[in-house]
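One letter stands for each residue in the lines below.
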Amino acid sequence: MPHFIVEYSANIEQELGLPVFLPKIRDIAVKTGVFPLGGVRVRAARRDHYVIADGAPENAFVHVTARLREGRPFEVRKQAGNAIFDMICDYLQPIFDSRPLGISFEMQEIDMDFNFKKNNLHQIMREKYPEKNL
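Here goes a summary of the coordinates provided. This is a predicted model, so every value here is computed, not measured.

Looking at the sheet that holds strand S1 (residues 3-9)
Two modes of strand pairing occur in sheets, parallel and antiparallel, and in both the strands are linked by backbone hydrogen bonds. Overall, mixed pairing links the four strands, which are arranged S2-S1-S3-S4 in an open sheet. The two strands at the open ends of the sheet, each matched to only one other strand, are strand S2 (41-47) and strand S4 (101-110). Taking the axes of each pair of neighbouring strands and ignoring which way they run, one obtains an average angle of 15 degrees across the sheet. Lying over the sheet, helix H3 (residues 74-98) contacts S1, strand S3 (60-69) and S4, oriented at roughly 155 degrees with respect to S4.

Shown next as structure tokens:
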């Protein structure tokens, strides 16, 4: 874990640059030292139907949700969350400067009693990148 879900209003898709933005989220998550590379998932969901503030067509949003395995200490989550949100805001600054834009980020802990998974990615990442001590 974690899973990052980027929701965004369709009216900024061209400006958003998802092929650059999504790897940046992955990279900052791993750089925090809190999340292993093999556990990080980043995906985007374009939202075609939305109403933002007064409904003006230029209004836009980007909301990122991070879903984490439970159990990390508060301070660890807070520091990682601040680093990730800072990167998101820095990346989106040019859009923010050019139009009405709401940027939000939320970290959620997943109840592991109701989280089911099968994953060989951690093992493959360790084998693929032995120099990184994953």
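Next comes the rest of the write-up.
Brief notes about the pattern of salt bridges
Within this structure, the stated rule accounts for six salt bridges. The closest approach of N and O atoms between Arg 47 and Glu 7, which form a salt bridge, is 3.0 Å. With a gap of 40 residues between them, Arg 47 in strand S2 and Glu 7 in strand S1 connect regions that are remote in the sequence. Judged by its relative accessible area of 35%, Arg 47 is partly exposed. Notably, a salt bridge pairs Arg 46 with Glu 13, separated by 2.4 Å at the nearest N-O pair. With Arg 46 in strand S2 and Glu 13 in helix H1 (residues 13-16), the pair connects residues that are 33 residues apart, well separated along the chain. Given a relative accessible area of 40%, Arg 46 falls into the partly exposed group. Through salt bridges with shared partners, a single ionic network connects Glu 13, Arg 46 and Asp 48.

What counts as what
Residues numbered from 1 in each chain as written. Predicted model: local features only at pLDDT ≥ 70, side-chain atom pairs only at ≥ 80, totals over all residues. Heavy atoms only, no water. Pairing = 2+ DSSP bridges. Helix = DSSP H or I, 4+ residues; strand = E, 2+ residues; numbered from the N terminus. Axes fitted to C-alpha atoms, helices over the stretch in contact; angles between N-to-C directions. Contact = heavy atoms within 4.5 Å. Salt bridge = Lys/Arg side-chain N within 4 Å of Asp/Glu carboxyl O. Buried < 20%, exposed > 50% of the residue type's maximum accessible area, 1.4 Å probe, protein only.

These figures come from the coordinates and say nothing about function on their own.
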